[in-house]
Amino acid sequence: MTVIIKTDKLSRHYGKGNVMVKALDGVDLEIDSGEFTAIVGPSGSGKTTLLQLIGGLDKPTSGDVYLKGTKVSAMAPGALSDFRRDHIGFIFQAFNLIPVLTAQENVEYIMLLQNRPKAERHEKAMSILESVGLKDMASRRPAEMSGGQQQRVAVARALASEPDIILADEPTANLDSKTGADLIDLMKEFNEKSGVTFVFSTHDTKIMERAKRLVRLVDGRISEDIRQ
Amino acid sequence: MLNLKIAFRNLLRARRRSILTGLSMAFGYLLASLSLSLAEGSYAGIIDLFTRDHTGHVQIHKGDYLDRPSINKQIKNVDDLVARLDSAPQVVGVSPRILAPSLAYLGDKSVIANVIGIDPQREKNTTRLAEKLSKGSYLTGRPNADGYDIIMVGQGIVDSLKLNLGDELVLIGQGAEGSIANDVLVVGAIVGTKDSYEKQHIYMSRDAAERYLYMGGSAHEIAILTRDYADARPVADEITQQLSDPELSIDPWQVVEKTFYESMQADKMGNYVSVGLIMLMVSIGVLNTVLMSTLERTREFGLLKAIGTRPRQIFYMILTETVVLASFGSLAGAILALPINGYFTDHGILMPEPMEVGGIPFDRIVAEVSFVTMVLPALLVVVTAAMVALLPGIRAARVTPVRALGSF
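From a predicted model like this one, the values you see are computed outputs, not experimental measurements.

J.: Please give an account of the overall build of chain B that cites residues and values.
T.: Helix and strand counts for chain B come out as 13 helices and 12 strands. For chain B, the C-alpha radius of gyration of 31 Å lies well beyond 22 Å, the compact-globule estimate for 408 residues. Projected onto its principal axes, the C-alpha coordinates of chain B cover approximately 105 × 45 × 30 Å. Relative to its full complement of 408 residues, chain B shows a buried share of 43%. Expressed as a percentage of contacts within chain B between residues at least 6 apart in sequence, the contacts between residues at least 24 apart total 80%.

See below:
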């Protein structure tokens, strides 16, 4: 297994002086390609901050993030956009689909950014939607779908760009427990079938049980790292 | 295509707001188009009236005659030149003229007169002189039964000398050879009004003027009428190339009637300022809409950036939406403006009191349907809207995903 994500003394501090909050404090973490990892911990432990820094959505106060050996924490904004587009898939807590686009178009959008031909985009979007069980809902807009369906579209969108890593921040937080568990099973299925690396945060113990590796954060530091 | 789809759907998302903004753009277009249409139509009418009254669209003179007139600055071989000009495709009328200031006497009264020798038929084909007779008959070019040459006299001279048709008028001036020119002529017609351009003019046939001034086949001016006054400059350039005579000055009406042209341009500028103010009003409405729309969608822009959309692409997305809305607004404006402009083009607006432009009465404002009046307002609306969208577009492009999304 090759290391696909590496953080080196990663820190992210907010505020200054007495009001400074250390959201992350010197995190050293290595995740191998193909892992299915859950970042767990109580609220405010730094789960979201860690995912944001890994995903290049935020800059660390100190330390570095390497994805596939590339130092993303030092990349210019334009290059970082392209890197995210081609190598990272995101699944958000609040689904965050583009409201004016249908399920199929939401999945196609990221492939449009990759300049893929229309026919290929269309075919692939339909194929992924079929694999997440939403082929019949391809022409529906997010407002016409349930939360669970929207989140499955988000999974499909994250997979569409054929990324190396998919980062999911509390993907089940807005779903009922059964739908949440189904979603994690779906993610796991893709992880096992396609080998794409999944890193997701959660504080739901039932969801944690499904992860192959648990990284527990407390006060911005790794307190536990268990491979199940 | 997907970007265009996103633009359309985002506009439809806040349907009421888009319709209101589109209507404000349509209204802006309508005002701008109507304003330009009436202005351009009026300018076209005034210029046509002015140039067809006496100037023509292009004039030929010898050297600097236009600035420093002299009886000795003559265009030679006029008939050959006129024949060559007649064959030019865009030329519809050519009128050679002999010009000379003189003194006109009747009994013990005298008055300064501008004597103009014309070829009656050619002048009739080039200007509206023949339509401006208040009494008598237009020149035939032939003397009367007693052998006297016939003249047409401006109303100003008629009033000063208390002239009547059939009166014999004595003219004294400087002849071409430096000698004293004098002749007795008979009043055959009265031209114009006491305020019109020709009030101090005396028109006679070119033959009569040649005899009076010893011109010997020369002229001082050739007025040329083209198919359209707008063609004056290219036609003047073409004739200059064709004749390639460095001694001749060939000028469009914009140069010949410089003061008139400059006053028209100043008036046009004033109108453009009004159109600019209309666009400013439209732009405030558009700015409000685009700003609201981008603020509401901050989270969405954060998402788009997070998944790999480049800032430039988000900027173009905002710009596309605005341009699409402005295009529809302009289209709606054009649908409204076309019949209104068309109506005023056909019927015009009758002025309660006619105004005088360069001595020519102008009593009706007529609109015009053209590129300037239909396409320019659309370009103005679209460009103004696009410019207004720049700031919100930049703001949207600069959104930080982490801040915009709240979590993640």
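J.: If you had to explain the overall build of chain A to someone new, which residues and values would you point to?
T.: Scanning chain A from N- to C-terminus turns up 7 helices and 10 strands. Taking 2.2 N^0.38 as the reference for a compact globule, 228 residues should give roughly 17 Å; the C-alpha atoms of chain A span a radius of gyration of 17 Å, in line with that estimate. Taking all 228 residues of chain A together, 49% fall into the buried category. Considering only contacts in chain A between residues 6 or more positions apart, those separated by 24 or more positions represent 70%.

J.: Explain the sheet that holds strand E7 (residues 165–169) of chain A to me, using residue names and the numbers behind them.
T.: Residue and element names in this part refer to chain A. Ordered by their spatial adjacency, 6 strands build an open sheet running E6-E7-E8-E3-E9-E10, and the pairing between neighbours is mixed. The open sheet terminates on both sides in strands that have one partner only, identified here as strand E6 (88–91) and strand E10 (221–227). The sheet shows a mean angle of 15 degrees between the axes of neighbouring strands, direction not considered. Packing against the sheet, helix H5 (residues 147–160) makes contact with E6 and E7, and its axis sits at approximately 170 degrees to E6.

J.: Just give me the short version of the sheet that holds strand E5 (residues 70–71) of chain A, but keep the residues and values in it.
T.: Paired through their backbone hydrogen bonds, the strands of a sheet run either parallel or antiparallel. Residue and element names in this part refer to chain A. Here 4 strands make up an open sheet; going across it, the order is E2-E1-E4-E5 and the pairing antiparallel. If you trace the sheet from one side to the other, it starts and ends with strand E2 (21–32) and E5, each paired once. With 8 bridges connecting them, strand E1 (residues 3–14) and E2 associate as antiparallel partners. Residue pairing in the sheet places Tyr14 in a bridge with Val21 of E2.

J.: An account of the interface of chain A and chain B is requested, with residue identities and associated values reported.
T.: Across the boundary between the two partners, chain A contributes 24 residues, which contact 18 residues of chain B. At the level of elements, helix H1 (47–54), helix H2 (77–87) and helix H3 (103–113) of chain A are the ones that each hand at least two residues to the side of chain A that touches chain B. Tallying contributions element by element places H3 of chain A first for the side of chain A that touches chain B, with 6 residues. Class assignment for the residues of the side of chain A that touches chain B results in 11 nonpolar, 6 polar and 7 charged.

J.: An account of the confidence of the model for chain B is needed here, citing residue identities and associated values.
T.: Confidence in the prediction of chain B, expressed as mean pLDDT, is 90, and 98% of residues score 70 or more. Two numbers describe this predicted complex: its pTM, 0.74, and its ipTM, 0.88.

J.: So what's going on with the pairing of strand E8 (residues 197–202) of chain A? Residues and values would help.
T.: All names here are of chain A. Of all the 6 residues making up E8, 6 are buried; the element is thus mostly covered by neighbouring parts of the structure. Burial along E8 is two-sided: Thr197, Val199 and Ser201 facing one way and Phe198, Phe200 and Thr202 facing the other are all buried. Across 5 bridges, the pairing between strand E3 (residues 36–40) and E8 is parallel. Along E8, the bridge assignment pairs Val40 with Thr202. Examined bridge by bridge, E7 and E8 share 5 bridges and lie parallel to one another. Across the sheet, the residue bridging to Leu167 is Val199, located in E8. Tracing the backbone out of E7, into helix H6 (residues 177–194) and back to the parallel element E8 gives a crossover that is right-handed.

J.: Could you give an account of the packing of helix H1 (residues 2–13) of chain B against helix H11 (residues 311–347) of chain B, naming the residues involved and the relevant values?
T.: The description of two helices packed together rests on the angle between their axes and the distance between the axes. Residues and elements named next belong to chain B. One way to put it is that H1 packs onto H11 with a least axis distance of 9 Å and a crossing angle of 60 degrees. When you trace H1 past H11, the crossing you get is right-handed. Packed against H1, whose contacting residues are Asn3, Leu4, Ile6, Ala7, Phe8, Asn10 and Leu11, the element H11 presents Met317, Thr320, Glu321, Val324 and Leu325 at the interface. Its residues assigned to classes, the contact of H1 with H11 shows 8 nonpolar, 3 polar and 1 charged.

J.: I'd love a proper account of the environment of Ser81 of chain A, names of residues and values included.
T.: Structurally, Ser81 of chain A can be placed in helix H2. It is 12 Å that separates the C-alpha atoms of Ser81 of chain A and Asp58 of chain A, two residues lying 23 residues apart in sequence. In contact with Ser81 of chain A, other than residues within four places in its own chain, are Lys305, Gly308, Thr309 and Arg310 of chain B.

J.: Quick one: what's the story with the nonpolar core, residue by residue and with numbers?
T.: Formed by 108 residues in total, the largest nonpolar core has its most connected members in Ala156, Leu167 and Val199 of chain A together with Met25 and Val381 of chain B. Among the elements that make up this core, the one with the highest residue count is helix H2 (residues 15–55) of chain B (10 residues). Setting aside its immediate chain neighbours within four residues, Ala156 of chain A contacts Val107, Ile128, Leu129 and Val132 of chain A. Counting residues in each nonpolar core, the second largest holds 56 residues, with Ile46, Ile222, Ile250 and Val256 of chain B among its members.

J.: With reference to specific residues and values, describe the environment of Ile222 of chain A.
T.: All names here are of chain A. Position of Ile222 among the secondary structure elements: in strand E10. Separated by 48 residues in sequence, Ile222 and Asn174 have C-alpha atoms that sit 26 Å apart. In contact with Ile222, not counting residues within four places along its chain, are Val27, Leu29, Val215 and Leu217.

J.: Summarise unusual backbone geometry; cite the residues concerned and give the values.
T.: Positive phi is not limited to glycine here, since Phe95 of chain A has a value of about 65 degrees. Position of Phe95 of chain A relative to the elements: it lies in the loop between E6 and H3. In this structure Phe95 of chain A comes out as buried when scored by C-beta crowding, with 23 C-beta atoms within 10 Å. Despite not being glycine, Tyr214 of chain B shows a phi value in the positive range, around 55 degrees. Along the chain, the position of Tyr214 of chain B falls in the loop between helix H6 (206–213) and strand E9 (221–226).

J.: Would you mind going over H3 of chain A in detail, with residue names and values included?
T.: Residues and elements named next belong to chain A. Counting buried residues along H3, 10 of its 11 residues qualify, which places the element largely inside the surrounding structure. What H3 keeps buried is the set Ala103, Gln104, Glu105, Asn106, Val107, Glu108, Tyr109, Ile110, Met111 and Leu113. Following H3 by one or two positions, Asn115 has its phi on the positive side, about 60 degrees.

J.: How would you explain the packing of H2 of chain B against helix H9 (residues 258–296) of chain B if you had to name every residue and give the values?
T.: Residue and element names in this part refer to chain B. For the pair H2 and H9, interaxial distance at closest approach is 9 Å and the crossing angle is 175 degrees. What the angle tells us is that H2 and H9 run roughly antiparallel. Residues of the contact of H2 with H9, tallied by class, amount to 16 nonpolar, 8 polar and 2 charged.

J.: Go over H9 of chain B, please, and point to the residues and values.
T.: If you check H9 of chain B, its first and last C-alpha atoms are 56 Å apart, about what 39 residues at 1.5 Å a residue would give, namely 57 Å. Those residues of H9 of chain B lying buried are Phe260, Ile278, Met279, Val282, Val286, Thr289, Val290, Ser293 and Thr294 of chain B.

Definitions and limits used
- Residues numbered from 1 in each chain as written.
- Chains lettered and ligands numbered in written order.
- Predicted model: local features only at pLDDT ≥ 70, side-chain atom pairs only at ≥ 80, totals over all residues.
- Helix = DSSP H or I, 4+ residues; strand = E, 2+ residues; numbered from the N terminus.
- Rg over C-alpha atoms; globule rule 2.2 N^0.38 Å.
- Buried ≥ 20, exposed ≤ 12 C-beta atoms within 10 Å, placed from the backbone.
- Contact = placed C-beta atoms within 7 Å.
- Pairing = 2+ DSSP bridges.
- Axes fitted to C-alpha atoms, helices over the stretch in contact; angles between N-to-C directions.
- Nonpolar A, V, L, I, M, F, W, Y, C, P; charged D, E, K, R; others polar.
- pLDDT = per-residue confidence, 0-100.
- Right-handed = clockwise from strand over helix to strand, strands pointing away.
- Left-handed = near helix turned anticlockwise from the far one by under 90°.
- Core = buried A, V, L, I, M, F, W, Y, C linked by C-beta atoms within 7 Å.
- Parallel < 35°, antiparallel > 145°, perpendicular 65-115°, else oblique.
- Expected span 1.5 Å × (residues − 1).

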